[in-house]
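Structural characterization, general
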Amino acid sequence: GEPEAGRMALTTEMLHNAYKNRGLGERIGFGGFLLRQIRFSGWKIWLLQAVLMGLLRLVLAFTYGSLDAVNQEKIPLLLCCASVIIVMTAAPFLWRSLRYRMFETEIASRMSVGRLIGAWLLLAGLGDGLMLSGVFFYTVRSTSISHSGAALYLLAPFLLAMAGLSYLLGHVRPERFLADSTGMCAVLLLVFTLLSEYCPAVFRQTFSLGWGGICLCLLAFGVRQCW
């Protein structure tokens, strides 16, 4: 009857208002969410990267200190491998976000899983940038490789590995992500090693307009996959 219809209309209006105003008092911006991630989890990424940086520093110090003039040709290969290993530091944390979804963090902050992954990528990217810069400056100071050569053999493999990681992020099942990303990086390391052995001309390049275009394409592809 009419009273029943009135109660239904009132209930509908209340539900509509509750939906429209849900979580407004608790919502935080991405900046605040990012700061929370640094406080609770982000430092773990940077700690792992700092440990890796220390290990790379020891490896580079040992290698650069013992190489003769002929073996200097292997430095580009070493830089390529270092770049791929640097990318791998992000994989375990991205896998954890994918595998467990971290629903408690998402619910508390009113942030989507997509933004959670974005925060992890940003935090890992900041650490990766510092690591690449450290390896670059140490290499050009300790070896005869040119600045443009060191930049090329650090940046191009890094962007290639990141593009692959970004692709896997959106195209494989969460439980497969860590294994697939590890396998992808292992394949890249193998390919670089084979190129160094059978096509050494690849490692005698310097950064040029063509290589810059390739790097921009890899960057654009990775950004598109993340988006």
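To keep things clear, this report deals only with the structure shown in the data block. For every chain, the first residue of the written sequence is number 1, and numbering continues from 1 along that sequence. Given that the model is predicted, a residue must reach a pLDDT of at least 70 before its local features are reported, and side-chain atom pairs must reach 80 or more before they are shown or counted; all residues, however, enter totals for whole chains, interfaces and linings. Hydrogen atoms and water are omitted, and side-chain values are computed over all heavy atoms in the structure.

**Considering the state of the cysteines**
- Here, a disulfide means two cysteine sulfur atoms that sit within 2.5 Å of each other. For the structure on display, the rule yields zero disulfides.
- As a non-bridged cysteine, C215 has C217 as the owner of its nearest cysteine sulfur, 9.3 Å distant.
- Partly exposed residues are those whose accessible area sits between 20% and 50% of the maximum for their type, while under 20% is buried and over 50% is exposed, using a 1.4 Å probe and protein chains only. Residue C217 is classed as exposed on the basis of its relative accessible area, which comes to 55%.

**Notes on the packing of aromatic side chains**
- When two rings of Phe, Tyr or Trp (its six-membered ring) have centres within 6.5 Å they constitute a pair, described as stacked for plane angles under 30 degrees, edge-to-face for angles over 60, and tilted for the intermediate range. Going through the model one piece at a time under the given rule, you end up with three aromatic pairs.
- Consider the rings of F136 and F137, whose centres lie 5.2 Å apart with planes at 75°: the pair is edge-to-face.
- We classify F136 as buried; its relative accessible area is 17%.

**Some details on the packing of helix α7 (residues 147-171) against helix α8 (residues 174-198)**
- The contact between α7 and α8 brings their axes to 10 Å, and the two run at 155°. Viewed along their axes, α7 and α8 adopt a mutual orientation that is roughly antiparallel. Crossing hand, α7 versus α8: right-handed. When α7 is examined against α8, the residues P157, L160, A161, G164, L165, L168 and L169 are found in contact with a partner set consisting of F177, D180, S181, M184, L188 and F192.
- Classification convention: Asp, Glu, Lys, Arg as charged; Ala, Val, Leu, Ile, Met, Phe, Trp, Tyr, Cys, Pro as nonpolar; all other residues, Gly among them, as polar. Looking at the contact of α7 with α8, its residues break down into 10 nonpolar, two polar and one charged. Throughout, an axis means a line fitted to C-alpha atoms (over the contacting stretch in the case of helices), and angles, computed between N-to-C directions, take values from 0 to 180 degrees. Runs of H or I in DSSP of at least four residues are treated as helices and runs of E of at least two as strands, each being numbered from the N terminus. Angle categories: roughly parallel below 35 degrees, roughly antiparallel above 145, roughly perpendicular from 65 to 115, and oblique for all the rest. By convention, the crossing between two helices is left-handed when the near helix turns anticlockwise from the far helix through less than a right angle, and right-handed when the turn is clockwise. Only heavy atoms enter the contact rule, under which two residues are in contact if any of them lie within 4.5 Å.

Fair warning: the whole summary comes from geometry, so function is off the table for now.
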